[in-house]
Amino acid sequence: MKRQRREPRWIDPTINVFSLLVALAAFLTTMALAAPSVHDDILGEHVPVPEFLPGTSNVTVREGDAAMLPCSVKNLGTKQVVWRRVEGDKVLTIGTMTWSMDNNVSMEHSKKSKDVTTWNLILHHVTPEDSGVYECQLTSRAGHVRHVTLNVVGPPLTSKTAISITGRRYVDQGEKIFLRCNASGGARVPDEMDWFKGGDKIDENKYKHVQIYKIQSHAEKYFVSELTIEHSSLADTGDYICRSSTDDIANLKVTVLHAESANKRRGTNQGDNGTHKSMSSLENGASMTEASTNQEKDGAATIIVSKISLLLTLLALLWTHQTSLLAYTS
């Protein structure tokens with residue numbers, strides 16, 4: 001019996017590089033946490049020890065909402081903040097970078113003062129499966145952690161988000177256009193807000209003169225987007241629409257006025273127009289009076305001419321009659 005030759009098996013080189021990076025980051029984080037740290041004597045200078053600031057350790061949100069797990073640190077220095085879920089020992093974020101493949105995980109980072117920074121973990125559209133204990137830890141020393149418990153209750157709310165646009169409907173050419181779109185009061189905070197003009201999406205490439213500033217707060221549950229045009233032109237006239245990621249829409253028609261039309265709108269030329277009309281009326285009256293006077297003069301002249309003509313006719317008849325008498329006498 002012949003033995004069949006087995007073909008060599010090749011290893012597929014297309015390995016998930018991202019998975020290796022995540023594993024490496026988790027390993028290095030664990031090593032950093034386990035390693036001793038030195039705070040007191042670096043180049044002869046005292047370095048303050050990082051510490052967590054007081055904050056809530058129990059967060060309850062409704063299913064479908066966004067959960068914010070707070071973590072504020074003082075004197076962080078060059079160290080890193082790592083968020084992980086205790087169950088399954090799953091690293092979620094390292095610093096401002098998100099290491100989780102879940103798109104619903106993000107980091108909300110801000111600097112409150114020179115020494116205090118916040119590293120809030122945001123979980124969007126939470127489900128009951130997201131309930132559990134989460135850990136905010138520092139890479140400065142082993143065991144320096146802070147736990148936050150998340151409780152997800154249901155069912156999700158179906159209330160509609162209130163969205164509105166405020167701003168001036170009429171601006172003069174060259175003036176500033178400022179529109180503010182506010183979305184709040186819904187079951188969850190919108191993730192994004194887009195602006196449109198006449199159905200065309202406003203982006204920084206096509207509308208370079210338009211500035212858009214966005215403010216989002218998960219704690220107070222609102223999303224605000226502000227649109228600014230410093231120096232308006234007639235081309236900026238149009239219907240402006242803001243649309244949230246939850247498909248809530250608000251619109252406002254803005255009209256940029258030309259200088260002449262702006263004056264008419266304000267009524268600044270009303271007095272001038274009235275004066276102009278009065279002068280026109282006076283001129284028309286004067287013209288009519290002059291025409292009437294001319295007509296009267298023409299009528300009088302006609303009468304005089306008629307009388308003179310009649311007188312000449314009579315004189316001619318008398319002259320003819322006198323001539324006839326003289327001839328008869330002779």
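Above this text is the structure in question.
Residues numbered from 1 in each chain as written. Predicted model: local features only at pLDDT ≥ 70, side-chain atom pairs only at ≥ 80, totals over all residues. Heavy atoms only, no water.

Caption draft 1: Highlighting the overall build of the protein chain. Scanning the protein chain from terminus to terminus reveals three helices and 20 strands. With 330 residues in all, the protein chain has 30% of them scored as buried. Sequence separation of 24 or more characterises 62% of the internal contacts of the protein chain that already satisfy a separation of 6 or more. Roughly 22,100 Å² of accessible area belongs to the protein chain as shown, and the carbon and sulfur atoms make up 56% of that amount. (Helix = DSSP H or I, 4+ residues; strand = E, 2+ residues; numbered from the N terminus. Buried < 20%, exposed > 50% of the residue type's maximum accessible area, 1.4 Å probe, protein only. Contact = heavy atoms within 4.5 Å. Areas by Shrake-Rupley, 256 points an atom, 1.4 Å probe, with all protein chains shown as cover.)

Caption draft 2: Up close: the pairing of strand β15 (residues 193-197). Most of β15 sits out of view: four of its five residues are buried. Relative to strand β19 (residues 238-244), β15 runs antiparallel, the two being bridged by five bridges. Opposite W195, over in β19, you have C242 as the bridge partner. Sheet topology places β15 next to strand β16 (residues 200-201); two bridges connect them, and they run antiparallel. When the sheet's bridge partners are listed, K197 is paired in β16 with D200. Here β15 folds back onto β16, and the loop between the two strands holds two residues, one of which, G198, carries a positive phi near 60°. (Pairing = 2+ DSSP bridges.)

Caption draft 3: How the structure looks around the pairing of strand β5 (residues 81-85). Within β5, five of the five residues are buried, leaving the element largely enclosed by the surrounding structure. Along β5, one buried face is formed by V81, W83 and R85 and the opposite face, lined by V82 and R84, is buried too. Sheet topology note: the β5/strand β10 (residues 132-138) ladder contains five bridges and is antiparallel. Following the sheet pairing, V82 is matched in β10 by Q137. Pairing of β5 with strand β6 (residues 90-94), which is carried by four bridges, proceeds in the antiparallel orientation. Note that in β6 the partner of W83 across the bridge is T93.

Caption draft 4: Geometry of the nonpolar core. Formed by 23 residues in total, the largest nonpolar core has its most connected members in L69, V73, W83, L121, L123, Y134 and L150. Secondary structure elements with two or more residues in this core: β2 (58-62), β3 (67-69), β5, β8 (105-111), β9 (116-123), β10 and β11 (145-153). With residues up to four places along the chain from it excluded, the contact list for L150 reads V59, V61, A67, L69, L123, D130, S131, G132 and Y134. Listed in part, the 22 residues of the second largest apolar core include V171, A183, C242 and V254. (Core = buried A, V, L, I, M, F, W, Y, C linked by side-chain atoms within 4.5 Å.)

Caption draft 5: Representation of the sheet that holds strand β14 (residues 177-184) within the structure. Strands sit in the order β12-β14-β18-β17 across an open sheet of four strands; the sheet is antiparallel. Each having just a single partner strand, β12 (162-166) and β17 (211-217) make up the two edges of the open sheet. Adjacent strand axes in the sheet meet at a mean angle of 10°, parallel and antiparallel pairs treated alike. Across seven bridges, β17 lies against strand β18 (residues 222-229) in antiparallel orientation. (Axes fitted to C-alpha atoms, helices over the stretch in contact; angles between N-to-C directions.)

Caption draft 6: Representation of the sheet that holds β2 in the model. With mixed pairing, six strands are arranged side by side in an open sheet as β2-β11-β10-β5-β6-β7. The open sheet terminates on both sides in strands that have one partner only, identified here as β2 and β7 (97-98). Across five bridges, the pairing between β2 and β11 is parallel. Following the sheet pairing, V59 is matched in β11 by L150.

Caption draft 7: Molecular detail of the state of the cysteines. Per the counting criterion, the structure on display carries two disulfides. The disulfide bridge from C181 ends at C242, spanning 1.9 Å between sulfur atoms. Judged by the sign of its S-S torsion, about 55°, the cystine formed by C181 and C242 is right-handed. With C181 in strand β14 and C242 in strand β19, this residue pair connects regions lying 61 residues apart in the sequence. The residues C181 and C242 share a single accessibility class, namely buried. (Disulfide = S-S within 2.5 Å.)

Caption draft 8: Broad picture of unusual backbone geometry. One non-glycine residue with positive phi stands out, namely N75, at about 60°. Relative to the elements of secondary structure, N75 occurs in the loop between β4 (72-74) and β5. Although it is not a glycine, D89 sits at a positive phi angle of roughly 50°.

Caption draft 9: Examining the pattern of salt bridges more closely. On inspection of all chains with the given rule, the structure shows nine salt bridges. Salt-bridge contacts for E87 lead to R85; the nearest nitrogen and oxygen are separated by 3.7 Å. With a relative accessible area of 15%, R85 lands in the buried category. Linking K201 and D194 is a salt bridge whose minimum nitrogen-to-oxygen distance equals 3.9 Å. Judged by relative accessible area, K201 falls into the partly exposed class, the value being 41%. Each member of the salt-bridge network shares a partner with another, and the members are R84, D89 and E135. (Salt bridge = Lys/Arg side-chain N within 4 Å of Asp/Glu carboxyl O.)

Caption draft 10: Spotlight on the side chain of S225. Relative to the helices and strands, S225 resides in strand β18. In this structure the side chain of S225 is engaged in a polar contact, spanning 2.8 Å, whose partner is the side chain of W195. Each residue touching S225, except ones within four places of it in the same chain, is listed here: L179, R180, C181, M193, W195, I212, Y213 and K214. (Polar contact = N/O pair within 3.5 Å; in protein donor to acceptor, adjacent residues only side chain to side chain.)

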